[in-house]
Structures are given as structure tokens and as C-alpha cells.
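Take a look at the letters that make up each chain.
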Amino acid sequence: MRLLFLAVLRQHTGNAVTAQRVRDHLEAAGHVCILKDAFDFENPSEISNFIKAENLEAAVALHLYRGGRLLRGNGIPFGIIFGGTDLNEDVNQGDKNKVMGKVLEEARFAVAFTESMKEMAQRQWPHAKDKIYVQSQGIATVPNTAINWNTFLQSSEINQSADNLHMFLLICGLRQVKDPLYLVDAFSEWHQEEPNVYMVIVGPEVDPVFTREVKAKVKRTPGVRLIREMAQEDLHAVMKNCFAVVNSSVSEGMSAAILEAMDLEVPVLARNIPGNSAVVKHEVTGLLFSDPQEFVHLAKRLVSDPALEKKIVANGREYVRKYHSWQEERQTYRQLVRTLERNTGD
């Protein structure tokens, strides 16, 4: 079957990584899967022309509003994967909410990463409750073993011995919903007390105006660095070598970076929001903070308590193995796409 897969493909953001992984699942099942950026299309008629030109039989969209709205009325069966901001943010805007409800009327299936996302969607659109499935993100990490850690530290302008360094890595696209500056001032104060702690922010420049604000702030803030996005394997190598991975987002669907950190046996400190608390159990699989001061308190505790670090790392790894199986995710998407295949013959 020839499939269109619509997603927001800003490189190395969570949705882009998920889209690549799900496409791999579908292609492994023998389908031709054409992955396109939703922002490349202005309206449904452009999608319609593309579908005809490519002789596509079905479609999947990652993000109910940004991708799903473009598939309405095109006459091919399609499924939806909720992204995160569609349920956490777009749902609060009346026009978008109405459009998303219409998309779900036409969709054959919808996938939520967590039970709480499923419940949220069912409350908003009760008519769709029988077509919403829960499938956690499947995680597989492959760190680049050729990465030289000392070279990376030098290029990041971190003049500390690797043996004495505690580097906290914040992975996010530079946009306001990810709130990369949330911890910067509090962290910098800590760095000035203890010069061997650093925060490194890494990710794509998604919002150009906000990116300028982030760069200006980081430039004048001791102990905080900003580096460009990296290839996934290189990023996994940096994660493996850092002291802890941090998430400070205002809203999340399910953070792939948190799950990848757990898989790589790296401690996680995450802002206490529903998307994060669904995967991070405080003091069990990671640490949850509600404000910058609590973050610094917990980070200091983690640095000084190797037993706590060892415990949450072991629990995090076990959690990912048990609940975020890459093989299980592959099987789910193969089965769901078969429902589209059956409908092409209707």
C-alpha cells in the first residue's frame, strides 16, 4: 500500500523522531511510506493534488490539527497520532477544537501516547472514543561510539576536566512551549557557587524570534551553553556522557528525550507537568520539580547522593524496557494500518 505520512518535521524534535520511527515500522511491513512536512502544504486541495500525483491509497498524520486538518475530505482513509500540543494547547482554541473534532469523525483510528492523553481526547470528542488507542512511544538508542567527549566539551566552551564535571543536558526545540530559559538564572547562580556544574541546551532553532532571545540570554549567563542540533546518534552519545537530562517544558505529549535518557541509563530531572509525570515517577524513575529553586535543590541532591542516582537509573531503564518496547510499537502500527488497507477496498 502507498501511504502518505504527514508530520511536522523540524529536525530532531520529538514529533520528527517519532515520525521517522513509525515510518520505519510501516516500511518494514512492506508499505511504501512517503513522509512529508505538514508545513509544506497550505490547504487540503494541495494535499489532494499530491495524493493523486503520487497515487496514494491511505494516510497517517502526526498531530491532529497541523496534519489532520489537511487530510479532511480527500477521500482516502487515514489515521491520526496525537502530538502533544494538539491536546494540550490547540484544544483550547474554539476554531481549532471544532476542526479537530471533524478530523476525528473521518479518521479510522487515533493513537495517544498515554492513558491521560486518551482520556483528554475522549472528554473533548466523545464521538471518537471507540477509535482511540494507547501506544507508548517505542524507544531504541544507538549512541555514536566515535564521539570524543573532551573534544565536545572544548567545542562547547566548557573548560572543566571531564572527571570533575556535572553536565545537565536540556534537549528541546527553541520555542516557547519548551521554555528553555526557565531554569537558566537559578542554574547560573548554582554554577557561580560550584563552577563544575554546567547546563547545555541543545536543539533546533524552531522559532527565529525566540531563538534570538535565547541566544542573547545564554550569552550573558555564566554556566549555561547553547549548542546547535546534532545528528541523533551523536546526541545519544552526548546524553550517555552527561550527568543528567533535563526537561523544562510547559507542555509535553510524551518526551522522547526523557525516555531515551532512561534507556541510556542517565538520570532525568523533569518539570512536573502531566506529560512528564506520566513517565517520570518522582524518586523512582526520575525527579520532578515544580519551580527553578526545587530543580536546583534536587540537582544538588542527585550530585551528592550516588545511591539515589543508581536507584533511579536502574528503575528508569527497567521502565523503558517494560513499557516502551520498540517491537510492541511496531506491531501496533502494523495492525492499525491494516484497517486502512481494508478500507481502500470499500
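Residues numbered from 1 in each chain as written. Predicted model: local features only at pLDDT ≥ 70, side-chain atom pairs only at ≥ 80, totals over all residues. Heavy atoms only, no water.

The chain is annotated in an unreviewed UniProt entry as Glycosyl transferase family 1 domain-containing protein of Rangifer tarandus platyrhynchus.

## Focus on the overall build of the chain
In terms of helices and strands, the chain carries 15 helices and 12 strands. In terms of overall size, the chain behaves like a compact globule, its C-alpha atoms giving a radius of gyration of 21 Å where 346 residues would be expected to give roughly 20 Å. Out of the 346 residues belonging to the chain, those deemed buried represent 57%. The long-range fraction of contacts in the chain, counting pairs at least 24 apart against all pairs at least 6 apart in sequence, stands at 70%. Per element, the accessible surface of the chain, about 15100 Å² overall, is 44% carbon and sulfur. Distance between charge centres in the chain, computed from 40 positive and 44 negative side chains, equals 3 Å. (Helix = DSSP H or I, 4+ residues; strand = E, 2+ residues; numbered from the N terminus. Rg over C-alpha atoms; globule rule 2.2 N^0.38 Å. Buried < 20%, exposed > 50% of the residue type's maximum accessible area, 1.4 Å probe, protein only. Contact = heavy atoms within 4.5 Å. Areas by Shrake-Rupley, 256 points an atom, 1.4 Å probe, with all protein chains shown as cover. Lys, Arg positive; Asp, Glu negative; His and termini not counted. Charge placed at Lys NZ, Arg CZ, Asp CG, Glu CD.)

## Here's the deal with helix α10 (residues 232-241)
When α10 is considered as a whole, its buried residues turn out to be Gln232, Leu235, His236, Ala237, Val238 and Met239. As for α10, its buried residues are in contact with α1 (14-28), α7 (149-155), β7 (166-171), β8 (197-202), β10 (244-247) and α11 (256-263).

## Regarding the pattern of salt bridges
All chains considered together, the criterion is met by 13 salt bridges. For the salt bridge of Arg72 with Glu106, the shortest nitrogen-to-oxygen distance reads 3.9 Å. Taken together, the residues span a long stretch of sequence, with Arg72 in the loop between α3 (68-71) and β4 (78-81) and Glu106 in helix α5 (residues 94-106) at a distance of 34 residues. Since its relative accessible area comes to 32%, Arg72 is described here as partly exposed. Between Lys96 and Asp90 there is a salt bridge, with its nearest N and O atoms 3.4 Å apart. The class for Lys96 is partly exposed, based on a relative accessible area of 22%. For Asp90, a relative accessible area of 6% gives the class buried. Salt bridges here are not isolated pairs; linked through shared partners, they connect Asp263, Glu265 and Arg317. (Salt bridge = Lys/Arg side-chain N within 4 Å of Asp/Glu carboxyl O.)

## Some thoughts on the UniProt feature "domain: Glycosyl transferase family" (unreviewed entry) in the chain
Cross-referencing UniProt, the feature "domain: Glycosyl transferase family" (unreviewed entry) maps to residues 159-318 in the present numbering. Taken end to end, residues 159-318 has its terminal C-alpha atoms 35 Å apart, with 44% of it in helix and 17% in strand. (UniProt positions renumbered as here; feature names shortened; annotations may be inferred.)

## What to know about the pairing of β8
If a strand is regular, its side chains alternate between the two faces of the sheet. Burial analysis of β8 places 6 of its 6 residues in the buried class, the great majority of the element. A two-sided burial pattern is seen for β8, the buried positions comprising Val197, Met199 and Ile201 on one face and Tyr198, Val200 and Val202 on the other. In this sheet, strand β9 (residues 224-227) lies alongside β8 in parallel orientation, the contact comprising 4 bridges. Across the sheet, Met199 pairs through a bridge with Val224, a residue of β9. With helix α9 (residues 208-219) bridging β8 and the parallel β9, this β-α-β connection has right-handed handedness. (Pairing = 2+ DSSP bridges. Right-handed = clockwise from strand over helix to strand, strands pointing away.)

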